[in-house]
Structures are given as structure tokens and as C-alpha cells.
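# Geometric and topological summary
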Amino acid sequence: MAVANIPVIDISDPKLNEAQVARDLVEAAIEHGFIYVKNTGGDIPIDAVQGAFDLSKELFAAPLEEKQQCRIQKNNMGWAGMQYESLDPKNQRSGDFKEVFNFGEFVDGQPQQPMPPSITHRTPQINAFYDHCYDLALKLNHLLGIGLDVNPPTFFRDAHLRANGASSSILRLLYYPPLPLTTAQPEVDVRAGAHSDYGSLTMLFRLPRQPGLEILLPSNEWVPVPVSPPGTESDHAPPILVNIGDLLSYWTDGLLRSTVHRVVFSGGENGVKGETDTEARYSIAYFCHPVGTTPLTAVPSERVRAFKGQGGTKEGDKGKVLTADEHLMMRLKASYLQLYDEKDK
């Protein structure tokens, strides 16, 4: 069957031409909105990724009472149980068939939300993995600035620096139970509803042979996104899947594409060869956001300005310039209907 044809880019090889890699990254972001980034261990150690998955399994196996004491709050941190989040509320019959745990930025090595007691001893490990993701996100934002000829090229990177203020970046652990353990009906239910991501970019870590992710093509066709695309099957770890979020698309007047995607119960004949959803699915996502007070003003790039002249759009043209946090809040209120009551809208 057809699968997503997403480019694979190596950004860690010191012998590579940085300017060319940056251009390749931007072209993939414009055409697909998704990019595979080879994970050779140069940016994020492979054992750190595996350790994060081990931690995730331990967290979701914690007693329900422990997780309930860490329920997600309006700061977007904490635990959300099965069917609590609805990423496509207009079309979903029920909420997403998944559990999640969101970690915000650590302060002096400590999380800013409660944690299940059974994993508090893992705090330094979570903090270290969060920092690995933060560092790689800065690198990717810097490359996008170079590839778009932004002046200065550090424009995106600087907007994400901790030194410039707090952000709403989130490290999310996800658990999708296998179909026999859910009340889902695969014909009408999904593991995560169709959506585009909220922030500047997302980095997704997946385990080999665990399917379910699909993207929506311009032809309105859903196609699966293999964990290990052709040419990476023998790599020590699957590539990191990077996608452009709504904020960065909005910020660049739509030049960089924020692609709609979902997670489904793929089934045997509809899945990617070698992948199976008969077991639980785990994934880890780092949702990168700029410093919350960052105004989403025009990006100083001739290419972005030229694109706007060719039909690019920007919500900000209608009036008030949004900040990064204001942009995020609009999306959170739509996804967590149980968390935000009517008067908050």
C-alpha cells in the first residue's frame, strides 16, 4: 500500500554542509510539513531514548490512584486518562483512546507538576531527556532560520531560548492500549483524532514496528507514516519524526506547512509491512513552543514576505498580534472540553 513519502535528513554529521542541510529542511517543511531526522546518537543519545521509553512504561503502569493525583491542569501539565482528550471534537464519536502525561519545563532540576510517587526517583532522568529535546529543538529552529534566510538567522532560535523567558514547551509520554483492552470500535474510533499540532515544531519518538500514525495528503487521502522509512531499517534507532506546528506555520504566513495527522487502529491489511498494533503502542513527543510572551510579528525573511504576496495568509492581518501563549490557549480550550468550562471560553 502507499505510505507517506517523507524525506530523511541527517543534521548531525559534522561533514555536512550546514547551509544545504538547512535548505533541505525548509523545503521538506514547505512541501510535506514532516521530516525524518536521522537519530545516530549525535544529538540525542540512543540509550537516553530507550531509557525514556522504559520510564514511560513504568509511569503508565503506576496505580491509577497515583496518576489521578497528577491530573492535567490548565497549565497543560500532568496526566490525562483514557478518552479525556479529544483532538478532533467536531468529528469524534468519543475521546481519544490513549493516556498521556505532560511534563513542562523543569526549574532547578525539578518538575512543575505532581508526579506519581513510583517514578519520583526518575526525576533526574526525565529532566535530562527534556534537556536533550530542548537542545535539538534549538538546533532545528536555527537551521530553519538559516534555510529561510531570516535576518538574523538566529531569529527562531532566540525566540525559544530559556534565557529569554518561560515557554509552554511540553514533553509528552503517550500510551495507547491494544484494541482488545479498549472499548473502541476501529471502524469509527481512533487513538488520536485528526489534528495539527499547536506549537512551532514537534519531535516524535516511536518504537520499531508500532504503527498507527497517518498524515492527510493534499489529495485528502490518509496514508501511514512508517516508523522506519526505507533506508533506515538497519539504523540503531528509528529516525525522529519532526513536524511543523500551527504556530510556526502561522508565523511564516503559511509558507511552512502544518500537516493534519492522526493515530488509528491500523489493523493487519491496512498497516505498514512489518508493523503490528496487536500490542500496546508507546510514543514520546516534544512539543516545542517559543517563549510565551513572544509576539508573532512578521518573520524578517524575504522568502516569507514574497510568499505572502503570492497568497500566503496570516490571522494576525485581522488585527491584534498574538503572543505565543495566546495562540496556544485557543487550541487547548478546544481540545480539553472537560477542563475548560463555558465561562473560560
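Fair warning: this is a prediction, and the values are worked out from it, not measured in the lab.

## Concerning the nonpolar core
Grouped together as the largest cluster of nonpolar side chains are 69 residues, with contacts concentrated most on Phe129, Met203 and Phe205. For this core, the element with the highest residue contribution is helix α4 (residues 123-147), accounting for twelve residues. Contact partners of phenylalanine 205, with chain neighbours within four places excluded, come to Ile44, Val49, Phe53, Phe129, Cys133, Ile240, Ser283 and Ile284. Within the second largest apolar cluster, 25 residues are counted, among which are Leu87, Tyr198, Val263 and Leu328.

## Here we look at the packing of helix α2 (residues 46-60) against α4
Geometry of a packed helix pair, given as the angle between the helix axes and the separation of the axes. Look at α2 against α4: their axes get within 10 Å of each other, and the N-to-C directions meet at 130 degrees. Of the possible angle classes, the one that applies to α2 and α4 is oblique. Regarding α2 and α4, the two cross each other, and that crossing is left-handed. Note on element contacts: α4 touches α2 through Gln125, Ile126, Phe129 and His132, opposite Ala48, Val49, Gly51, Ala52 and Leu55. Each residue belonging to the contact of α2 with α4 can be placed in one class, and the counts come to six nonpolar, three polar and no charged.

## Concerning helix α1 (residues 18-31)
The first and last C-alpha atoms of α1 sit 20 Å apart over 14 residues, in line with the 20 Å expected at 1.5 Å per residue. Among all positions in α1, only Val21, Ala22, Leu25, Val26, Ala28 and Ala29 are buried. Taken end-on, α1 shows its buried residues confined to a sector of 160 degrees, consistent with a single buried face. Capping of α1 at its N-terminal end is provided by asparagine 17; its side-chain oxygen lies 3.0 Å from the backbone amide nitrogen of alanine 19. Immediately beyond the C-terminal end of α1, within one or two residues, lies glycine 33, with a positive phi of roughly 80 degrees.

Rules and cut-offs
Residues numbered from 1 in each chain as written. Predicted model: local features only at pLDDT ≥ 70, side-chain atom pairs only at ≥ 80, totals over all residues. Heavy atoms only, no water. Core = buried A, V, L, I, M, F, W, Y, C linked by side-chain atoms within 4.5 Å. Buried < 20%, exposed > 50% of the residue type's maximum accessible area, 1.4 Å probe, protein only. Helix = DSSP H or I, 4+ residues; strand = E, 2+ residues; numbered from the N terminus. Contact = heavy atoms within 4.5 Å. Axes fitted to C-alpha atoms, helices over the stretch in contact; angles between N-to-C directions. Parallel < 35°, antiparallel > 145°, perpendicular 65-115°, else oblique. Left-handed = near helix turned anticlockwise from the far one by under 90°. Nonpolar A, V, L, I, M, F, W, Y, C, P; charged D, E, K, R; others polar. Expected span 1.5 Å × (residues − 1). Arc of directions from axis to C-beta. Polar contact = N/O pair within 3.5 Å; in protein donor to acceptor, adjacent residues only side chain to side chain.

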